[in-house]
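Remarks on the overall topology
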Amino acid sequence: MGKHSLETIKKLVKEEDVEFIRLQFTDKMGTLKNIAVTASQLDRIFEEPFTIPGNGEKEMIPCGSRELYLKPDLDTFMILPWRPQQGKVARMICDVTKTDGTPCAASPRNILARTVEKAKKEGYELKIGYGCEFFLFHTDENGMPTVFTHEQAGFMDMSPVDLGENTRRDIILCLEEMGFNVESSYHAMAPGQHRIDFGQSEAMDAADHMVTFRSAVKAIAKRFGLHATFMPKPNDNAEGSGLHMSVSLMKNGKNLFAGKEEGSLSKEAAWFAGGVLNHAASMALVTSPFVNSYKRLSWMKEKGRSIFYMPAFQSPKKARLELFSPDAAADPYVSAALCLEAGLEGIRRRMEPEDLSGNFDILPDNLYEAIEAFRHDFFVQGILGEDFCREYCKAKKKEWQEYASHVTEWEISRYLYRI
């Protein structure tokens, strides 16, 4: 049974003085979009389809339909505590459907929904806890973001060295007010870099929370005169930001990743990792979706980092794998769908990995290589669907071509006076 009904939402809207409701969805690139309606329109958005533009040159979601509809998920209703306390703002995350009400297959949330449903029919449930890194930078005199920070804090440093501690504290308080299960937060490796870890929850809930989390971080950082960015590698000589996925696979209420001996991982955990590692290179187009993403991966390769990490645990319920390859800009819906499907393939085929942890060296060196790996992996394409793959690849090819033709400051400084 769901957490909310329309009647309970209407009651909350009235009691909490909610004036605006944001109907949110993610486009094909995983970017959060929204349409705001007043609270007076609450009945209407459930009585008749709420239309968004469909096909066009700047099509947000390829669906083969002139118009697309937003279908709000009642259980995602949430008041945004960083908005005004008088005339509050709430959000509902929406499924995108065609005019006949059928789900749009290329919508990232629908991709995860059908993957979760498929796994459920086989008795499986994926639990995910995201750990997300981000940077807090200063803005210039015009309010535009920079890549500059005054602090020089490092891993798990405290104030007064960690100058972003107060911002991070307010972010945590807002998240907990919204019911998020925040396990920990701390200063990450690079100056100005922070990390927040969430407890595990059902895959869809975890992905919904992650897209809201990014909005919350940016909004609260702005209050402090800072710019929060999830750009994978904003600085040359510093760590990049990842979207680490702590995953456990459940079946009949049992954690399949728990081994027979205390603190050990099962064969299923190894096979799951083997399936993900088998498709990691082609999944990179989604888990490392931008030109800049491969600057982070290059750094990870130089450091000899592992794709999977096996954290210590005592209770069998806590047995898990942590996937480190997705970056902070990755779409949490599609990344989770690919991880689940690839892992289950590994279990079905009993794919023993040569090295359970894997190595970043197996991942592409740049966006072009990622596109090529994606194009040749029909298993991954089958998960995402023809419409999504066609339009997503088209957008990624355009991004690579624009980058490849751009003359950078590095090239000017290196070649202009020599040649």
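Not measured: the values here are computed from a predicted model.

1. Re the overall build of the protein chain
Assigned secondary structure in the protein chain consists of 12 helices and 15 strands. Whereas a compact globule of 419 residues would reach a radius of gyration of roughly 22 Å, the protein chain reaches 22 Å, a difference of no more than 12%. A principal-axis box enclosing the C-alpha atoms of the protein chain has dimensions of 65 × 55 × 45 Å. Counting across all 419 residues of the protein chain, residues that qualify as buried make up 51%. Surface accessibility of the protein chain: about 20,200 Å² in total, with carbon and sulfur atoms responsible for 50%. Between the averaged position of the 52 positive side-chain charges in the protein chain and that of its 60 negative side-chain charges there is a distance of 2 Å.

2. Observations concerning the UniProt feature "domain: GS catalytic" (unreviewed entry) in the protein chain
In the numbering used here, UniProt assigns the "domain: GS catalytic" (unreviewed entry) feature to residues 108-419. Across residues 108-419 one finds 44% helix and 16% strand; the C-alpha atoms that close the span lie 47 Å apart.

3. Details of empty space enclosed by the protein
Throughout the structure, instances matching the rule amount to 2 cavities of 30 Å³ or more. Approximately 40 Å³ is the volume found for the largest cavity. In terms of residue class, the lining of the largest cavity is built from 6 nonpolar, 1 polar and 2 charged. Lining of the second largest cavity is provided by Val276, Ala280, Met283, Thr287, Leu323 and Ser325. Top element by residues in the lining of the second largest cavity is helix 6 (residues 267-287). It accounts for 4 residues.

4. Section: the pairing of strand 8 (residues 182-187)
Direction of pairing for strand 8 relative to strand 9 (residues 193-198): antiparallel, over a ladder of 5 bridges. By the bridge assignment for strand 9, Val182 is matched with Phe198. Linking strand 8 to strand 9, which pair antiparallel, is a turn of 5 residues; within it Gly192 sits at a positive phi near 80 degrees.

5. Regarding a nonpolar patch on the surface
Taken together, the side chains of Phe155, Met156 and Met189 make up a nonpolar region of the molecular surface, amounting to roughly 310 Å² of accessible area. On the secondary structure map, Met156 appears in the loop between strand 7 (124-138) and helix 4 (165-177). The class for Met156 is partly exposed, based on a relative accessible area of 48%.

6. Here's the deal with the packing of aromatic side chains
In this structure the tally under the stated criterion is 13 aromatic pairs. Ring plane angle 65 degrees and centroid distance 6.0 Å describe the contact between Phe213 and Phe230, whose orientation is recorded as edge-to-face. Of the two residues, Phe213 is situated in helix 5 (residues 203-223) and Phe230 in the loop between strand 11 (226-229) and strand 12 (243-251); the sequence distance between them amounts to 17 residues. With respect to class, Phe213 is no different from Phe230; both count as buried. Arranged with centres 5.6 Å apart and planes meeting at 45 degrees, the rings of Trp400 and Tyr403 form a pair that is tilted. Of this pair, Trp400 and Tyr403 both sit in helix 11 (residues 386-404), 3 residues apart, roughly one helical turn. By way of ring pairs, the aromatic residues Phe134, Phe180, Phe198, Phe213 and Phe230 are connected into one cluster. The ring centre of Phe230 lies 5.9 Å from the NZ or CZ of Arg214, which sits over that ring.

7. A closer look at the nonpolar core
Core analysis: the largest hydrophobic core is formed by 117 residues, its most contacted members being Phe213, Leu249, Phe272 and Leu384. Apart from residues lying up to four places away in sequence, Leu384 is in contact with Ala105, Ile111, Arg114, Val286, Val334, Leu338, Phe374 and Cys389.

8. Some details on the state of the cysteines
By definition, a disulfide links the sulfur atoms of two cysteine residues through a covalent bond. This model, assessed by the stated rule, comprises 0 disulfides. Here Cys339 is not cross-linked by a disulfide; its sulfur's nearest cysteine counterpart is in Cys132, at 16 Å. Given a relative accessible area of 0%, Cys339 falls into the buried group. Looking at the unpaired Cys389, the closest cysteine sulfur is the one in Cys393, lying at 6.3 Å.

9. Brief notes about unusual backbone geometry
The linkage connecting Ser159 with the following residue, Pro160, adopts the cis geometry, with an omega of 10 degrees. As for its position among the elements, Pro160 is in the loop between strand 7 and helix 4. Phi angles above zero are rare outside glycine, and Met156 is one such case at about 60 degrees. Of note in the backbone geometry, Arg350 takes a positive phi value of approximately 50 degrees without being a glycine. By the element assignment, Arg350 lies in the loop between helix 8 (332-348) and helix 9 (367-375).

Rules used in this analysis
Residues numbered from 1 in each chain as written. Predicted model: local features only at pLDDT ≥ 70, side-chain atom pairs only at ≥ 80, totals over all residues. Heavy atoms only, no water. Helix = DSSP H or I, 4+ residues; strand = E, 2+ residues; numbered from the N terminus. Rg over C-alpha atoms; globule rule 2.2 N^0.38 Å. Buried < 20%, exposed > 50% of the residue type's maximum accessible area, 1.4 Å probe, protein only. Areas by Shrake-Rupley, 256 points an atom, 1.4 Å probe, with all protein chains shown as cover. Lys, Arg positive; Asp, Glu negative; His and termini not counted. Charge placed at Lys NZ, Arg CZ, Asp CG, Glu CD. UniProt positions renumbered as here; feature names shortened; annotations may be inferred. 1 Å grid on protein atoms, 1.4 Å probe; cavity = no way out; pocket = protein on both sides within 12 Å on 5 of 7 lines; lining within 4 Å. Points joined across faces, edges and corners; volume = space filled by probe spheres on them. Nonpolar A, V, L, I, M, F, W, Y, C, P; charged D, E, K, R; others polar. Pairing = 2+ DSSP bridges. Patch = residues over 30% accessible without salt bridge, like charges linked within 9 Å, V, L, I, M, F, W, Y side chains within 5 Å. Salt bridge = Lys/Arg side-chain N within 4 Å of Asp/Glu carboxyl O. Phe/Tyr/Trp six-rings, centres within 6.5 Å; stacked < 30°, edge-to-face > 60°. Lys NZ or Arg CZ within 6 Å of the ring centre and 35° of its normal. Core = buried A, V, L, I, M, F, W, Y, C linked by side-chain atoms within 4.5 Å. Contact = heavy atoms within 4.5 Å. Disulfide = S-S within 2.5 Å.

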